[in-house]
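Take a look at the letters that make up each chain.
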Amino acid sequence: MKGTPFLFKGGWLTLYIVLILSFLYLPIALIPLFSFNNAAAVAFPLSGFTLRWYDALWGNKEMLRAALNSLLVGIIVACLSTLLGILAARALTRYRFPGKRAATAFLSAPLFLPEIIVAVSLLTIILSVGLTPSLVAVALGQTIFCLPYSMSVLVAGFEGMDRSLEEASRDLGETAAGTFRRVTLPLVAPAIVSSLIVSFTVSLDEFILAFFLAGTEPTLPVYIWGQLRFAAKLPSVLALGSLMLLASILLITLAESVRRRAERRLEQQVLL
Amino acid sequence: MAAASPGREPDQSPLHRTAPAPGGWRTGEAASGLALISPTLLYAAFLLLLPILIVFAYSFWTQDFLTIDHTFTLANYRAALTEPIYLDLLGRSLINALSVSVLAVLMAYPLAYFISFYGGASKNLWLFLITVPCWTSYLLRIMSWKIVLGYNGVLNSGLMRLGLIDKPIETLVYNSNAVIIALLHSWLAFAVLPIFVSLEKLDRSLIEAAHDLGDTAVQRFLRIILPLTLPGVTYAFLIVMIPTVGDYITPKLIGGSDGVMIATAIQAQFGKAANWPLGAALSITTMIAASLLAGLVVLVGRRLVRALA
């Protein structure tokens, strides 16, 4: 035990971390498992492999419409959240101004609020000014929740950037706008891509705001919520759920690998 | 709020200016920074702050069918704070959220500790593995617990198949315990990250020094590691506690009648019951009660840590 920093050897903690990972992953793994199960009841024993729950999805117009809605909202949210994130992250990392800490705290406030309260607040304001719930309302609301994620990715991106390259560009006669477009943006491109993917993923999976604000046009999670009332539809919900899980995991892996590659490139530059 | 001139083009900001000497303050720089951040701040002001302020205003009004009576009244708060049903729901929401957040912090600390101290080159990989489930649909995650714990669910059917039980256990789902387990599953990773960050910032030479001076492992933990990572622990606690108080999906899907929480009442007032002012008062009461309880726990926790050190 001498030399190990604390209480346990890593061994016990390794066991613990494996247990926690099983706790985190096993329930989720049941969704794809039962989506291939050839039975309407979701229970053991498994009764053979089938793709029929997936087959049923393609012909489902309502589901495809919800998927299209989700895609549309996701793209708007990703662009808006990343754009607002770039402005804020650039301001926070490049300039000193009063109220910086307050601004950061204010923009990360959504992480510390019960989502339903934000949802009913947005619903109230939308209906009070005479607008109706819509996909645009969902996108505008979800952007608020994606901003903290976008900002954390982008602030890290701008902080990791070598500022002297911008100065060199200015000294060589490039305009401020040109420098930003031709030097700054390419340097933080990986962070921008990460932010786009992360906010798209958050939007794709977001339920509460969509539930309150979507009106008659459901997104995928809202569509799933509606289907959950019918026990018989559970297997096809599981098939759709599996596809959504796959999409989220692929997207987030992509975002992570973009971020990591950029990080490694930066480390190499520092070493050179 | 941002008092900057919004007309200024962000691109016009003097990029080439070198950073001023430490301590030096340039109003030009402050103006540029504020101008650049103002669109984001204005966006959040309009879509976060303003809506909440309007709900706050609504909580003092009354609704008669579709018309809103703007006369100031505390009747909604009186209802929220005296009617047994709301007190009951609020109390259960607070207890469930407190259980989830305390358990999440207790479970997250060893995880964060392992990754920070033993993660070596694969720290990022461990963190990634722990956070991946967080990025999947919240609704699907809660649904998976319904599949696990349901009367005809995976756990019951599996145990019966193994011959360990004769008939399904009814008490697995549709109660507060099911809600707490599912919420813990969803929020655990949120507690790991802040604790991990504070462990990473911890100056390791302090632990070595304590070791050299004869502190035991437990003493080192209680006197150095825990007090210095307390900000991370506090952050982790708050980021789980406050949002889970208002959780809607989990109690609705797997809470049954025993596990109903305040969000269901809030949703009902803004939906079918159509009593926005009461819904608003319930929302504000929930936020204030959750903040007060969280603040109290943080204070007591700090005292406790100081007493142990």
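Structure's up top.
Below, the structure is looked at part by part. (Residues numbered from 1 in each chain as written. Chains lettered and ligands numbered in written order. Predicted model: local features only at pLDDT ≥ 70, side-chain atom pairs only at ≥ 80, totals over all residues. Heavy atoms only, no water.)

1. Some details on unusual backbone geometry
All names here are of chain B. A positive phi is found at Tyr174, a non-glycine position, where the angle reads about 60 degrees. As for its position among the elements, Tyr174 is in the loop between helix H6 (154-161) and helix H7 (176-201). In this structure Tyr174 comes out as partly exposed when scored by relative accessible area, which is 41%. (Helix = DSSP H or I, 4+ residues; strand = E, 2+ residues; numbered from the N terminus. Buried < 20%, exposed > 50% of the residue type's maximum accessible area, 1.4 Å probe, protein only.)

2. Considerations on a nonpolar patch on the surface
There is a patch of nonpolar side chains on the surface, built from A:Trp12, A:Leu15 and A:Leu19 and spanning about 380 Å² of accessible area. The class of A:Trp12 is exposed, set by a relative accessible area of 60%. (Patch = residues over 30% accessible without salt bridge, like charges linked within 9 Å, V, L, I, M, F, W, Y side chains within 5 Å. Areas by Shrake-Rupley, 256 points an atom, 1.4 Å probe, with all protein chains shown as cover. Salt bridge = Lys/Arg side-chain N within 4 Å of Asp/Glu carboxyl O.)

3. So, the pattern of salt bridges
Residues and elements named next belong to chain A. Considering all chains together, one arrives at 9 salt bridges over all chains under this definition. With its nearest N and O atoms 2.7 Å apart, the salt bridge here joins Glu217 to Arg65. With Glu217 in the loop between helix H9 (208-213) and helix H10 (220-227) and Arg65 in helix H3 (residues 61-94), this residue pair connects regions lying 152 residues apart in the sequence. Where Glu166 meets Arg90, a salt bridge forms, and the shortest distance between an N and an O atom there is 3.0 Å.

4. Quick word on the interface of chain A and chain B
By a widely used convention, the size of an interface equals the accessible area lost when the partners come together. Facing the 94 residues of chain A at the interface are 100 residues of chain B. In total, about 8,800 Å² of surface goes out of reach between chain A and chain B, with carbon and sulfur atoms giving 79% of it. Taken together, the links from chain A to chain B amount to 0 salt bridges. The tally of links from chain A across to chain B stands at 9 residue pairs in polar contact (both at pLDDT 80 or more). Take the side of chain A that touches chain B: its biggest share by element is 15 residues, from helix H1 (residues 10-35) of chain A. For the side of chain A that touches chain B, the class distribution of residues is 70 nonpolar, 12 polar and 12 charged. (Contact = heavy atoms within 4.5 Å. Buried area = accessible area lost by both parts, 1.4 Å probe. Polar contact = N/O pair within 3.5 Å; in protein donor to acceptor, adjacent residues only side chain to side chain. Nonpolar A, V, L, I, M, F, W, Y, C, P; charged D, E, K, R; others polar.)

5. What to know about the packing of H3(A) against helix H8 (residues 176-205) of chain A
Residue and element names in this part refer to chain A. For the pair H3 and H8, the least separation of the axes is 8 Å and the interaxial angle reads 135 degrees. It follows that H3 is oblique to H8 by the angle criterion. Seen from above, H3 lies across H8 with right-handed handedness. The segment H3 lies against H8, with Ser70, Leu71, Val73, Gly74, Ile75, Val77, Ala78, Cys79, Ser81, Thr82, Ile86 and Arg90 engaging Phe180, Thr184, Ile192, Ser195, Leu196, Ser199, Phe200, Ser203 and Leu204. Residues that form the contact of H3 with H8 fall into these classes: 12 nonpolar, 8 polar and 1 charged. (Axes fitted to C-alpha atoms, helices over the stretch in contact; angles between N-to-C directions. Parallel < 35°, antiparallel > 145°, perpendicular 65-115°, else oblique. Left-handed = near helix turned anticlockwise from the far one by under 90°.)

6. So, the nonpolar core
Membership of the largest hydrophobic core comes to 172 residues, with the highest contact counts inside it found for A:Leu213, B:Tyr109, B:Ile130, B:Ile195 and B:Ile249. Counting residues domain by domain, this core receives three or more from each of domain 1 (10-58) and domain 2 (75-308) of chain B. When near neighbours in sequence (up to four residues on either side) are disregarded, B:Tyr109 contacts B:Ile195, B:Leu199, B:Phe221, B:Ile225, B:Leu226, B:Thr229 and B:Val233. (Core = buried A, V, L, I, M, F, W, Y, C linked by side-chain atoms within 4.5 Å. Domains from an automatic or database assignment.)

7. Quick word on the packing of aromatic side chains
Within the structure shown, the criterion is met by 24 aromatic pairs over all chains. Between A:Phe23 and B:Trp145, the ring centres sit 5.8 Å apart and the planes meet at 50 degrees, which makes this aromatic pair tilted. Remark: B:Trp145 occurs in helix H5 (residues 138-149) and A:Phe23 occurs in helix H1; the pair is interchain, linking two chains. An aromatic cluster is built from A:Phe207, A:Phe211, A:Phe212, A:Trp225 and B:Tyr248, whose rings are joined through pairwise contacts. Its end group placed over the ring of A:Tyr95, A:Arg94 keeps NZ or CZ at 5.1 Å from the ring centre. Here the basic side chain of B:Arg204 rests over the ring of B:Phe117, its NZ or CZ set 4.0 Å away from the ring centre. (Phe/Tyr/Trp six-rings, centres within 6.5 Å; stacked < 30°, edge-to-face > 60°. Lys NZ or Arg CZ within 6 Å of the ring centre and 35° of its normal.)

8. A closer look at the environment of A:Gly85
Residues and elements named next belong to chain A. By the secondary structure assignment, Gly85 is in helix H3. Classification of Gly85 as buried rests on a relative accessible area of 0%. Sequence spacing of Gly85 and Gly74 is 11 residues, and the spatial spacing of their C-alpha atoms is 16 Å. Not counting chain neighbours up to four residues away, the residues in contact with Gly85 comprise Leu147, Met151 and Leu154.

9. Looking at the packing of helix H2 (residues 75-82) of chain B against helix H13 (residues 276-308) of chain B
When two helices pack together, their arrangement is given by the angle between the helix axes and the distance between those axes. Residue and element names in this part refer to chain B. Running from N to C, H2 and H13 cross one another at 60 degrees; their axes reach a closest spacing of 9 Å. Between H2 and H13, the crossing angle belongs to the class labelled oblique. Viewed along their axes, H2 and H13 form a crossing whose handedness is right-handed. Contacts from Asn76, Tyr77, Ala79, Ala80 and Leu81 in H2 reach Pro277, Leu278, Ala281, Leu282, Ile284 and Thr285 in H13. Looking at the contact of H2 with H13 residue by residue, the classes come out as 9 nonpolar, 2 polar and no charged.

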